[in-house]
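# Architecture and fold: a report
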Amino acid sequence: MDPRGTKRGAEKTEVAEPRNKLPRPAPSLPTDPALYSGPFPFYRRPSELGCFSLDAQRQYHGDARALRYYSPPPTNGPGPNFDLRDGYPDRYQPRDEEVQERLDHLLCWLLEHRGRLEGGPGWLAEAIVTWRGHLTKLLTTPYERQEGWQLAASRFQGTLYLSEVETPNARAQRLARPPLLRELMYMGYKFEQYMCAGEVDCTDPQAPSTQPPTCYVELKTSKEMHSPGQWRSFYRHKLLKWWAQSFLPGVPNVVAGFRNPDGFVSSLKTFPTMKMFEYVRNDRDGWNPSVCMNFCAAFLSFAQSTVVQDDPRLVHLFSWEPGGPVTVSVHQDAPYAFLPIWYVEAMTQDLPSPPKTPSPK
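Attention in this report is confined to the structure presented alongside it.

Analysis parameters
- Residues numbered from 1 in each chain as written.
- Predicted model: local features only at pLDDT ≥ 70, side-chain atom pairs only at ≥ 80, totals over all residues.
- Heavy atoms only, no water.
- Helix = DSSP H or I, 4+ residues; strand = E, 2+ residues; numbered from the N terminus.
- Buried < 20%, exposed > 50% of the residue type's maximum accessible area, 1.4 Å probe, protein only.
- Contact = heavy atoms within 4.5 Å.
- Areas by Shrake-Rupley, 256 points an atom, 1.4 Å probe, with all protein chains shown as cover.
- Pairing = 2+ DSSP bridges.
- Axes fitted to C-alpha atoms, helices over the stretch in contact; angles between N-to-C directions.
- Parallel < 35°, antiparallel > 145°, perpendicular 65-115°, else oblique.
- Left-handed = near helix turned anticlockwise from the far one by under 90°.
- Phe/Tyr/Trp six-rings, centres within 6.5 Å; stacked < 30°, edge-to-face > 60°.

## Overview of the overall build of the protein
A count of helical and extended segments in the protein gives seven helices and 13 strands. Among the 361 residues that make up the protein, the fraction classed as buried is 44%. In the protein, of all internal contacts separated by at least 6 residues, the share reaching a separation of at least 24 is 74%. For the protein, the exposed surface amounts to about 19,600 Å²; the carbon and sulfur share of it is 52%.

Shown next, in the form of structure tokens:
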């Protein structure tokens, strides 16, 4: 959820269509990195509005019960030697990926706190509600060469909601996921257990500040690197995703566990989020944080000015494949509508006045 919201673009005027017709699709948005190499855009340091937890059964709880404390092994002892294969596959309980959770857990939290949001209920009308992971994909888009994405967008009571849609290619890859990839996913979860992590991932009791998000730590695993070429590839690709995921919510550090071919973590390394770019600053094939953020800002502005009709059943589907621009198609109801009826009805109750369709200034 974007705590600042994004102002809608003022340069485009929409012509009202008859109510029985879908809006015309908007023009496309280019993704070439060269187009977004300007100065870093203004970005206010995030502040935490609240929290919720998911238990082992993916059930929602409106508190921090799943947040645990970061507890790394002693630095003066031997290597960590964590066995990331321990418990696999006997104790592995993967999430049912056929269940489409969409934004539902975020929506539960919003309903619970609707009347207690800073600035009052009207604050939500200027916000964008989405998952951090969706924004992470936007940040990395200018440099992504393999995986496309789709984001469904709906406007309801002025708020823009963005929810990822699994692309046909992503679904095919998931269904054909080889055992090795499933085991690597388990290793990531196991590393968090060893480090006493929670979902986002944990809080560091030794952090300079106990205020979130400064106290949070992100935990990652990666294979050992043994050559300059391997490290260079790691900095160009994996570190970009780690930066994007951690910079957005203001998480200051990523702790990486490097695993050997036998599945044991042999070393730990801390990557301060604000210093990750230094590893690729002089690499002409590296990434640039300004490009990432400028594209993300451009997309959010593009989405705000495109999705102007206030209708929870109307969906603008933003689609992107590597090498091409972001395109838009318009849909009504299933299969792309994602705001659940229980949320729409609950948010509609006791409104002081009917919601107004936002119009460009």
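Having put the structure on the table, let's press on.
## Regarding the pairing of strand E13 (residues 327-332)
Alignment of strand E12 (residues 314-320) against E13, held across six bridges, turns out to be antiparallel. Bridge pairing links Phe318 to Val328 in E13. Hairpin connection from E12 to E13: six residues lie between these consecutive antiparallel strands, with Gly323 at a positive phi of about 95°.

## Thoughts on the packing of helix H5 (residues 228-247) against helix H6 (residues 289-306)
At their nearest, the axes of H5 and H6 sit 12 Å apart, and the two run at 55° to each other. Taken together, the axes of H5 and H6 are oblique relative to one another. H5 and H6 meet at a crossing whose hand is right-handed. Two secondary-structure elements touch here, H5 through Leu240, Trp243 and Phe247 and H6 through Pro289, Cys292 and Met293.

## Examining the packing of aromatic side chains
This structure, assessed with the given rule, holds 31 aromatic pairs. Between Phe52 and Trp131, the ring centres sit 6.2 Å apart and the planes meet at 65°, which makes this aromatic pair edge-to-face. Of this pair, Phe52 sits in the segment before strand E1 (53-54) while Trp131 sits in the loop between strand E5 (128-129) and helix H2 (132-140), and the two are 79 residues apart along the sequence. A relative accessible area of 26% places Trp131 in the partly exposed class. Aromatic side chains Phe234 and Trp242 sit 5.3 Å apart centroid to centroid with 85° between the ring planes, which places their arrangement in the edge-to-face category. The rings of Trp231, Phe234, Tyr235, Trp242, Phe258, Phe271 and Tyr279 are connected pair by pair, giving a single aromatic cluster.

As far as function goes, none of this settles anything; it's purely spatial.
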